[in-house]
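Examination of the molecular architecture
Each chain is listed here by its residues.
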Amino acid sequence: MTGTITLQRYTELGAVKNTFLDLWAEVRAPLLHLPNYAVSTVSDRLDRHATDEGFEVVIGYDGDEPVGYAYGNHAGPQDRYWTRITPFPDDLSLRGSGFALKELGVRPAWRGTGAAKRIHDHLLAGREEKYVSLMVNPEAGDGKVQRLYESWNYTALGTSQPSPDSPVLLAMVRSTD
């Protein structure tokens, strides 16, 4: 670990898909036995998301070694992303469009180094959307992950269960400013 992380932005999944899935498998290793977290399920979901408007992925590298990832896409006011949130966020649907941060993860050796925040911020840099939303399992890390997002100025919006195999997630939102 050199401590110097470079960030690469991709607007097409292509050559970075295997890198992403390898990172995913390491970052989510304790959860891979659950259907929603299986690499094959995530691969299918990633393929679907990569066709969505405004798709971007950022991979952070320490030298040649990938250390973390984040990806998301544009989510317009009528996007199904919003309709799964309870209560339905009427105020956001009237304010225009947002960016849905779908995944963010950092390999264990780089946690606590600021890598996740750098990857997150790089993904959002230059986006035209006025706000960004994400969904977090409030039990992840005994609440540590949710508290991290709160420290980045995300606030609770509602709950969502994107699929029957998914846990109930907390939808959070913040301005992209």
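Below is a summary of the structure that appears in this document. (Residues numbered from 1 in each chain as written. Predicted model: local features only at pLDDT ≥ 70, side-chain atom pairs only at ≥ 80, totals over all residues. Heavy atoms only, no water.)

From N to C terminus, the chain includes six helices and seven strands. Sequence-ordered secondary structure for the chain, helices as α and strands as β, is β-α-α-β-β-α-α-β-α-β-α-β-β. For the chain, whose C-alpha radius of gyration is 15 Å, the value lies close to the compact-globule estimate of 16 Å for 177 residues. With the C-alpha coordinates of the chain rotated into their principal frame, the extents come out at 45 × 35 × 30 Å. Looking at the 177 residues of the chain, the share that counts as buried comes to 46%. A separation threshold of at least 6 residues defines the contact pool for the chain, and within that pool the share at least 24 residues apart is 68%. Here the chain holds 18 positive side-chain charges and 23 negative ones, and the gap between their average locations is 3 Å. (Helix = DSSP H or I, 4+ residues; strand = E, 2+ residues; numbered from the N terminus. Rg over C-alpha atoms; globule rule 2.2 N^0.38 Å. Buried < 20%, exposed > 50% of the residue type's maximum accessible area, 1.4 Å probe, protein only. Contact = heavy atoms within 4.5 Å. Lys, Arg positive; Asp, Glu negative; His and termini not counted. Charge placed at Lys NZ, Arg CZ, Asp CG, Glu CD.)

In this fold, Arg 111 is placed in the loop between strand 4 (98-106) and helix 5 (115-124). As for Arg 111 and Phe 20, which are separated by 91 residues in sequence, their C-alpha atoms are 17 Å apart. Contacts of Arg 111, omitting those with residues within four sequence positions, involve Val 27 and Val 106. At a separation of 3.3 Å, a polar atom in the side chain of Arg 111 contacts the main-chain carbonyl oxygen of Val 27. (Polar contact = N/O pair within 3.5 Å; in protein donor to acceptor, adjacent residues only side chain to side chain.)

Another aspect to go through is the sheet that holds strand 3 (residues 65-75). The strand order across the open sheet built from seven strands is 1-2-3-4-5-7-6, with neighbouring strands paired in mixed fashion. The strands lining the two open edges of the sheet, one partner per strand, are strand 1 (5-10) and strand 6 (155-160). Shown here is a sheet whose adjacent strand axes are inclined to one another by a mean of 25°, direction ignored. Bridging between strand 3 and strand 4 involves eight bridges; their strand directions are antiparallel. Across the sheet, Gly 68 pairs through a bridge with Val 106, a residue of strand 4. Running over the sheet, helix 5 touches strand 1, strand 2 (56-62), strand 3, strand 4, strand 5 (131-136) and strand 7 (169-175) and is turned about 155° from strand 4. (Pairing = 2+ DSSP bridges. Axes fitted to C-alpha atoms, helices over the stretch in contact; angles between N-to-C directions.)

The subject of this paragraph is the pairing of strand 5. Counting buried positions along strand 5 yields five of six residues, so the element is predominantly enclosed. Bridging between strand 4 and strand 5 involves three bridges; their strand directions are parallel. Residue pairing in the sheet places Leu 101 in a bridge with Leu 134 of strand 5. Traced from strand 4 through helix 5 to strand 5, the parallel crossover comes out right-handed. Strand direction decides the pairing type here: strand 5 and strand 7, joined by six bridges, are antiparallel. The residue bridging Val 132 from the neighbouring strand is Arg 174, located in strand 7. (Right-handed = clockwise from strand over helix to strand, strands pointing away.)

Here the focus is the packing of aromatic side chains. Tallying each qualifying case throughout the model produces eight aromatic pairs. Their ring planes at 75° and their centres at 5.5 Å tell us that Phe 20 and Tyr 71 sit as a pair that is edge-to-face. Pair noted here: Phe 20 is in helix 1 (residues 17-27) and Tyr 71 is in strand 3, with a separation of 51 residues, a long-range link. Look at Phe 20 and you get buried, because its relative accessible area is 1%. What makes Tyr 71 buried here is its relative accessible area of 2%. Of the aromatic side chains, those joined through ring pairs into one cluster are Phe 20, Phe 55, Tyr 69 and Tyr 71. Note that Lys 117 overlies the ring of Trp 152, its terminal NZ or CZ placed 5.4 Å from the centroid. (Phe/Tyr/Trp six-rings, centres within 6.5 Å; stacked < 30°, edge-to-face > 60°. Lys NZ or Arg CZ within 6 Å of the ring centre and 35° of its normal.)

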